[in-house]
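Examining the three-dimensional arrangement
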Amino acid sequence: MGFCSFFSHRLSVFSRVSMVFLIVFALLTVCVTADDKESGSFLTLNDVPAAEAFIDSVDVAVIGFFENETGRGYNEFLAAAKQMDKLPVALCSEKEVWAKYGIVSDTISIFRKADLHQEHLKLSEPKKIDTDGLTRFLTLNNIQFVTEYNQATAVGLFQSEVKTHVLLIAKSGSSDSDPLQQLFRDVAQKYAGKMLFVLVNGKEKPNARVLEYFGLKSRDLPRIGIYDGGSDKKWLMKKGEITNERLQNFCDSFLDGELQKQNPGGKTEL
Ligand SMILES: *[C@@H]1O[C@H](CO)[C@@H](O)[C@H](O)[C@H]1NC(C)=O
């Protein structure tokens, strides 16, 4: 039983694949239209420096490259973006910017720093576009330097090419004022493209499986663990204060193979 069992008790590798398929399928087939026309509330990128600054300023940037407001999926995109009110979204019709990012026709693009990934959804391709599907697309692609674990983000995390997850299993959800989460985020930025940093709120009932998987009880938290999707193995950082240095040493020991050598079974150390 692997880490994927976190988001569904009956999930095997195969059903994980089919779950991803279902989401993509839903994205392609369901058809609902929305009438929101509120482009006024979105940032418009008029040149390359503006686009670069926008992408640079956030963990995850979403740009709707639409030639004009009559484009296929335009209203659905705005409606979906409005639902994702914390996600930075901009619009761009400037061809000079399109060229810079290799855009040739109306496209919704996601630029991610955590795994150095760009996701492009071409709207000209023959598939149906609806607001719910686009909202799901944005949700599961919203992989930040620190992503809070839940059923929706789990799908995106497992789709990433970066297969190693560093978990902070704590007793609270995402909070900007939590010093431990800040430390976690600081370290996460140093491992962009190598490891994904995931916050697991141990107080959320569905996350009990994560604790179980690592052999932890609520009273043991907070703890740091690594899950490696390549080998489907897990390691737990030894008990003690979680400092920047200890966390980096733990991550480095995985990346240089030392952790795997010391503990090839990927057993947990309590
Ligand atoms: C609006 O954009 C579409 C592509 O989405 C294009 O085919 C159409 O010619 C454009 N219309 C105008 C008036 O520019």
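One can find the structure itself at the top, above this paragraph.
Thresholds applied
- In this numbering scheme, every chain counts its residues from 1 along its sequence in written order.
- Given that this is a predicted model, residues contribute local features only at a pLDDT of at least 70 and side-chain atom pairs are listed and counted only at 80 or more, while totals for whole chains, interfaces and linings are drawn from all residues.
- Note: side-chain values were computed over all heavy atoms of the structure, leaving out hydrogens and water.
- Take the buried Ala, Val, Leu, Ile, Met, Phe, Trp, Tyr and Cys residues and link them wherever side-chain atoms come within 4.5 Å; each set so joined is a nonpolar core.
- Relative accessible area decides the class of each residue, using a 1.4 Å probe on protein chains only: under 20% of the type maximum gives buried, over 50% gives exposed, and in between gives partly exposed.
- The way it works is that DSSP assigns letters per residue, a run of H or I at least four long becomes a helix, a run of E at least two long becomes a strand, and they are numbered from the N terminus.
- A 1.4 Å probe that fits but cannot get out identifies a cavity on a 1 Å grid over protein atoms alone, an open set with protein on both sides within 12 Å along at least five of seven lines counts as a pocket, and a residue lines either if it has an atom within 4 Å of a point.
- Grid points are joined across faces, edges and corners, and a volume is the space filled by probe spheres set on the points.
- For this classification, Asp, Glu, Lys and Arg are treated as charged, while Ala, Val, Leu, Ile, Met, Phe, Trp, Tyr, Cys and Pro are nonpolar and the rest, including Gly, are polar.
- Domain delimitation follows an automatic or database domain assignment.
- We call a residue near a molecule or strand when any one of its heavy atoms sits within 4 Å of it.
- Polar contact is defined as a pair of N or O atoms within 3.5 Å, subject to the rule that within protein one atom must be able to donate a hydrogen and the other to accept it, and that residues adjacent in sequence are counted only when both atoms are side-chain atoms.
- Computed with the Shrake-Rupley method and a 1.4 Å probe, the accessible areas treat only the protein chains shown as cover for residues.
- For a helix, the expected span equals 1.5 Å multiplied by the number of residues minus one.
- We call two residues in contact when some of their heavy atoms are within 4.5 Å.
- One side-chain nitrogen of Lys or Arg within 4 Å of one carboxyl oxygen of Asp or Glu is enough to make a salt bridge.

Moving on: the nonpolar core. Ranked by size, the top nonpolar core spans 43 residues in total, and within it Val166, Ile169, Phe197 and Ile224 carry the most contacts. Looking at this core, the elements with two or more residues in it are helix 6 (151-159), strand 7 (164-170), helix 7 (179-190), strand 8 (196-201), helix 8 (208-213), strand 9 (223-228), strand 10 (233-236) and helix 9 (244-255). Among the nonpolar cores identified, the runner-up in size contains 21 residues, and Phe42, Leu87, Ile129 and Phe137 belong to it.

It is worth spelling out the layout of surface pockets at this point. What the largest pocket holds in volume is close to 860 Å³. Lining the largest pocket we find 27 residues, and of these Lys86, Gln144, Val146, Glu148 and Ser174 sit closest to its centre. When contributions to the lining of the largest pocket are tallied by element, the ones reaching two or more residues are strand 6 (146-148), helix 6 and helix 7. The class makeup of the residues in the lining of the largest pocket is nine nonpolar, eleven polar and seven charged. Residue-level mapping places the lining of the largest pocket at the junction of two domains, with at least three residues from each of domain 1 (13-140) and domain 2 (146-262).

Glancing now at the site of the ligand. As a structural note, the neighbourhood of the ligand is formed by Glu67, Asn68, Thr70, Gly71 and Asp106. Aspartate 106 has a polar side-chain atom sitting 2.8 Å from an oxygen atom of the ligand. Alone, the ligand offers 360 Å² of accessible surface; in the complex the protein occludes 37% of this. Considering only residue class, the shell around the ligand consists of no nonpolar, three polar and two charged.

An ideal rise of 1.5 Å per residue puts 16 Å on twelve residues; helix 9 measures up with 16 Å between its terminal C-alpha atoms. In this structure, the buried residues of helix 9 make contact with strand 7, helix 7, strand 8, strand 9, strand 10 and helix 10 (258-262). Downstream of helix 9 by a residue or two, glycine 257 has a phi angle that is positive, lying close to 85 degrees.

Here we take up the pattern of salt bridges. When charged atoms on two side chains of opposite charge get close, those side chains can pair. Applying the stated criterion to the full structure yields six salt bridges. Across the salt bridge formed by aspartate 115 and arginine 112, the nearest N and O atoms sit 2.7 Å from each other. Given a relative accessible area of 7%, arginine 112 falls into the buried group. With a shortest N-O distance of 3.2 Å, glutamate 125 and lysine 127 are connected by a salt bridge. Residue classification places glutamate 125 among the partly exposed residues on the basis of a relative accessible area of 35%.

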